[in-house]
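# Summary of structural features
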Amino acid sequence: MLRFIARRLLETIPVLFIILTATFFMIRFVPGGPFTAEKAVTPEVMRNLERAYDLDKPLWQQYTRYLRNVVLHGDLGPSFKYPNRTVNEIIADKLPVSLELGAEALLIALVAGLTLGVLAAVKSNTWIDYICSSTAMIGICLPTFVLGPLLVLLFAIRLGWANASGWYGPVDRVLPCLTLGCVYAAYIARLTRGGMLEVLHQDYIRTARAKGAGQLRVIFKHALRGGLLPVVSFLGPAIAGILTGSFVIETIFQIPGLGREFVNSAFNRDYTLVLGTVILYAALIIALNLVVDVVQVWLNPKLKFE
Amino acid sequence: MAGVRYFVHFVHSVLLLSTLTGCLRHGTDVERGNREQVLHRGIGDEIGDLDPHVATNISELDIISALFEGLVTEDPVDLHPVPAVAERWEVSADQLTYTFYLRAGARWSNGDPVTAGDFTASWRRILTPSLGSGNAGLLYVLQGAEAYTKGLARDFAQVGAKALDARTLQVTLDHPVPYFLSLLTHPAWLPVHLPSIAASGPVYERGNPWARPGRLVGNGAFILRAWEPNQRIVVEKSPTYWDAAHVRLNAIHFHPIDSLDAEERAFRAGQLHLTYALPFGKVESYRRDSPQLLRMDPYLNTYFLRFNVARPFLNEPRVRRALALAVDRPAIAEKILRGGQLPAYAFTPPGMAGYVPEARLPTDFNEARRVLADAGYPGGRGLPAFELLFNNSENHRLVAEAVQEMWRRELGVQVRLVNQEFKAVLAERRAGHYQILFSDWVGDYPDPSTFLDIWRSDSGNNHTGWASPAYDSLLRSASLTTDAAARNLLFQKAEALLLEAAPLVPLYYNSHIFLLQPSVKGWHPTLLDHHPYKHVWLEE
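It should be emphasised that the depicted structure is a prediction, and the values quoted were computed from it without experimental measurement.

Inspection of every chain in the model, using the stated rule, returns 33 aromatic pairs over all chains. Where Phe-262 of chain A meets Tyr-281 of chain A, the ring centres are 4.5 Å apart and the plane angle is 55 degrees; that geometry is what we call tilted. Of this pair, Phe-262 of chain A sits in helix α12 (residues 258-268) while Tyr-281 of chain A sits in helix α13 (residues 271-299), and the two are 19 residues apart along the sequence. What makes Phe-262 of chain A partly exposed here is its relative accessible area of 33%. Judged by its relative accessible area of 8%, Tyr-281 of chain A is buried. For the ring pair Tyr-355 of chain B and Phe-491 of chain B, a centre distance of 6.1 Å and an interplane angle of 80 degrees mean the geometry is edge-to-face. Of the two residues, Tyr-355 of chain B sits in the loop between β12 (342-343) and α12 (365-374) while Phe-491 of chain B sits in helix α17 (residues 484-501), which places them 136 residues apart along the sequence. The exposure classification of Tyr-355 of chain B matches that of Phe-491 of chain B, with both residues buried. Here the aromatic residues Trp-89, Tyr-98, Phe-100, Phe-119, Trp-123, Phe-180 and Trp-189 of chain B are joined through ring pairs into a cluster of three or more. Across the ring face of Tyr-101 of chain B, the terminal group of Arg-88 of chain B is positioned such that the distance to the ring centre comes to 4.0 Å.

In this structure, Leu-50, Phe-100, Trp-123, Leu-127, Phe-180 and Trp-189 of chain B are the most contacted members of the largest nonpolar core, which totals 89 residues. Built from parts of two domains, this core gets at least three residues from each of domain 1 (29-44 + 221-297 + 514-538) and domain 2 (68-198) of chain B. Beyond its immediate chain neighbours, meaning those up to four positions away, Leu-50 of chain B contacts Glu-60, Ile-63, Ile-64, Leu-67, Phe-68, Ala-211, Leu-216, Leu-224 and Trp-227 of chain B. Core analysis: the second largest hydrophobic core is formed by 46 residues, Ala-105, Ala-109, Ala-240 and Leu-288 of chain A among them.

Glancing now at a nonpolar patch on the surface. Residue and element names in this part refer to chain A. A surface patch of nonpolar side chains, about 470 Å² in accessible area, is lined by Phe-145, Val-146, Leu-150, Leu-153, Phe-247 and Val-248. Within the residue set of the nonpolar patch, elements represented by two or more residues are α6 (144-158) and α11 (247-252). Among the elements that line the nonpolar patch, the one with the most residues is α6, at four residues. By the element assignment, Phe-145 lies in helix α6.

Turning our eyes to something else, we now look at helix α8 (residues 260-268) of chain B. Among the residues making up α8 of chain B, those that are buried are Ala-262, Glu-263, Glu-264, Arg-265, Ala-266 and Phe-267 of chain B. Considering only its buried residues, α8 of chain B is in contact with α6 and α11 of chain A together with β1 (38-42), α9 (283-289) and β16 (504-515) of chain B. Taken from the residues just after α8 of chain B, Gly-270 of chain B is the one with a positive phi, measuring 80 degrees.

Because each turn of an α-helix spans 3.6 residues, side chains separated by three or four positions in sequence point in the same direction. All names here are of chain A. Given a rise of 1.5 Å per residue, 28 residues ought to cover 40 Å, and the 41 Å separating the end C-alpha atoms of helix α1 (residues 2-29) matches this to within 8%. Along α1, the positions that sit buried rather than exposed are Phe-4, Thr-12, Leu-20, Thr-21, Thr-23, Phe-24, Ile-27 and Arg-28. In this structure, the buried residues of α1 make contact with α3 (59-73) and α13.

With that settled, the discussion passes to the interface of chain A and chain B. Counting from both sides, the interface comprises 62 residues of chain A and, opposite them, 66 residues of chain B. The largest per-residue losses of area from chain A upon contact with chain B belong to Glu-38, Asn-84 and Tyr-168 of chain A, which jointly make up 13% of the total buried on that side. Here chain A is connected to chain B by five salt bridges. In this structure, the salt-bridge partner of Arg-429 of chain B is Glu-38 of chain A, at a minimum N-O distance of 3.1 Å.

Residue and element names in this part refer to chain A. Position of Asp-270 relative to the elements: it lies in the loop between α12 and α13. Although Asp-270 lies buried, it forms no salt bridge, and the closest oppositely charged side chain, Lys-81, sits 8.0 Å away as judged by the N-O distance. Side-chain polar atoms of Asp-270 contact the side chain of Ser-79, separated by 2.7 Å. Discounting residues that sit within four places of it in the chain, Asp-270 has contacts with Ser-79, Phe-80, Lys-81, Tyr-82 and Ser-265.

Before going further, it helps to examine the pairing of strand β4 (residues 86-91) of chain B. All names here are of chain B. In this structure, β4 lies alongside strand β5 (residues 97-102), joined through five bridges in antiparallel fashion. Along β5, the bridge assignment pairs Arg-88 with Tyr-101. Connecting β4 to the next strand, β5, in antiparallel fashion are five residues, including Gln-95 with a positive phi near 60 degrees.

The next subject is the domain arrangement of chain B. Residues and elements named next belong to chain B. As assigned here, chain B comprises domain 1 (29-44 + 221-297 + 514-538), domain 2 (68-198) and domain 3 (301-510). The interface is formed by six residues belonging to domain 2 together with eight residues belonging to domain 3. Carbon and sulfur atoms supply 69% of the area that domain 2 and domain 3 bury against each other, a total of about 740 Å² over both sides. Put simply, domain 2 and domain 3 have zero salt bridges between them. Across the contact surface, domain 2 and domain 3 share one residue pair in polar contact (both at pLDDT 80 or more).

Definitions and cut-offs
- Residues numbered from 1 in each chain as written.
- Chains lettered and ligands numbered in written order.
- Predicted model: local features only at pLDDT ≥ 70, side-chain atom pairs only at ≥ 80, totals over all residues.
- Heavy atoms only, no water.
- Phe/Tyr/Trp six-rings, centres within 6.5 Å; stacked < 30°, edge-to-face > 60°.
- Helix = DSSP H or I, 4+ residues; strand = E, 2+ residues; numbered from the N terminus.
- Buried < 20%, exposed > 50% of the residue type's maximum accessible area, 1.4 Å probe, protein only.
- Lys NZ or Arg CZ within 6 Å of the ring centre and 35° of its normal.
- Core = buried A, V, L, I, M, F, W, Y, C linked by side-chain atoms within 4.5 Å.
- Domains from an automatic or database assignment.
- Contact = heavy atoms within 4.5 Å.
- Patch = residues over 30% accessible without salt bridge, like charges linked within 9 Å, V, L, I, M, F, W, Y side chains within 5 Å.
- Areas by Shrake-Rupley, 256 points an atom, 1.4 Å probe, with all protein chains shown as cover.
- Salt bridge = Lys/Arg side-chain N within 4 Å of Asp/Glu carboxyl O.
- Expected span 1.5 Å × (residues − 1).
- Buried area = accessible area lost by both parts, 1.4 Å probe.
- Lys, Arg positive; Asp, Glu negative; His and termini not counted.
- Polar contact = N/O pair within 3.5 Å; in protein donor to acceptor, adjacent residues only side chain to side chain.
- Pairing = 2+ DSSP bridges.

Spelled out as structure tokens, the structure:
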């Protein structure tokens, strides 16, 4: 297993390098620049600005300098939009917020999704199944930008229990985490139901029942491990998405997370911030996919580290 | 471990929500703010920097106006310049030399006195090329300033700013500037405290993190207490401010909320006293249901269409004029936008210190058809379909579609609408890759020159390719004229020439639409949307 992980980590290096290089040049070819503004500045001011950020140097020089700073010093450079902050500082400020939002939403998603999914599978084609499945279907169909404002309307504006936006106290965590968690809970419920139904009809489950195992033991000891496989494959990319923050949720609730910077930095042509967030997200997605692969082998004896 | 911590955190939150009810929250932020004189306001996008020499965005400059004070400041009602750090000043007969006498009580927030030397050192900083200040150009009215920023002069002594003694500052201008005192209220002219900047990093380079809580030393009515990125910027009343006795607010919380819908929800939930703006689609419901919360203030902001006069067909003045005459401006302002906008028949908006444009580009469909036929395109025959480029702001499309339909119906001219992202449109504009462009312009100070200057052939904001030596010469004469009436006459002639040539179609004068709690007092409708915070207070 260690060899498998080591090999995968080694493969990561060229992947990240390609992503960094492609992003570096792609963002430069997008029309407009960090200092493109409604009101033009005089040519000498523009020259001074470009000099201050080394944008007056040839592109390849800027690229090699950036690469050197990232690889040797872990320095992602100064931000253009936030002149007195570095990209490292912005990520250090905002990533923990996105991680917290993601982790709490994931917890809601797992608890609600697995419960609904298992219930629906065990009581398949009964009214319990219909209720669970319909709830999941509604969750999938209801986009976060509808659910979020609806929750705000009810709990913040009508009842006055929470703030409509902001990330100040513990109460401010509830509505955004619930909104983000609900959507993923719905997917997890559908996948769990499907996975469990398939497993519950397998021979080894029948054997377990024949040997006198109780319903709970069959579900939790025998069926769940196999029934969760589709959920685990889904969780890899889902966790990456959920942990790196959700642009929509962060915008609806004005959460100071990294998801908004990821999107807005492209609109602002904040070259260094675009690169910093892209590299970070790429690394996170690669790492989480690796974790998912390891967990899948652990859950499914038919798979091997090859 | 992290999982356990998150779980505990989550359970904690759920328990709090279930036990807390409205009665446990001691009122909303607005209610508490009213009692404690704490103003909560939305400021749109997250701000980048609070360094007055680096910041360019309107919201940044607004917060900076609470933290710093210049020689003069603005009257809260009509924004005319009133004494601030300078208690009085003298102007020479030729209007080239201003002598400012600084008040003895002016102090920095660390207790240091504000001196004339602070102003010259600050102006030296903003003009220094290595800082790359986007607003350095505003100081070019100072003698020698432009050469200094261009690197042609190395010695700052050649720039027209001298500290005669600690409390006397002499300013020499390059040419007479009748609106110089108004210009001085722009944050580019604010003093900064160089010793505290030097303690945080290089004074003349970008990226110095001095403008942060605990480090920023200002001389304004408020001091910076907290800056939580994307959450809030908190400023509190400064005890060292010379006029602290008249400052009624104890604190201001600036909330950067980039989504207008989220901001409006926060306002309804009692988190904000006033919003940065109001989503276009919600104006009607507020007008109907809660008119006492809705404000539609006039604003120095003209919306117009630019013609690229280098393009075939649009290089023909009669074609441009016909298109300009065939826009039904009252319909756009009163039937489509319906938010206090006024139809624009000239480029300069009303309220410009006594200046009223004489010429007009009226709406006259018959005349438009006649002019187009004169140009050789009766009924639009022979003209290709034009492209009208606009950015994806919410009401731009509505107006663009209306204009498209008016030209089709009245002139038989076909228009294709092209929609791009904000910065992409600006890049196309700069490169001249457009035919007709949806544009707007916001004035920097209440003087016609802030609008008419952009059409000069050497202006970096013209972008149409239209150049008229006669127009340039009229504006140059106006800039050298000290008599207000004679100057306005020159501006009127210039604007008449501009509208006759029609490199643009004025559409409407915009208004600033936002929500305001009735408890906010002293928030006067001003043309630049400036509201000196020392004159604002809250009443329950």
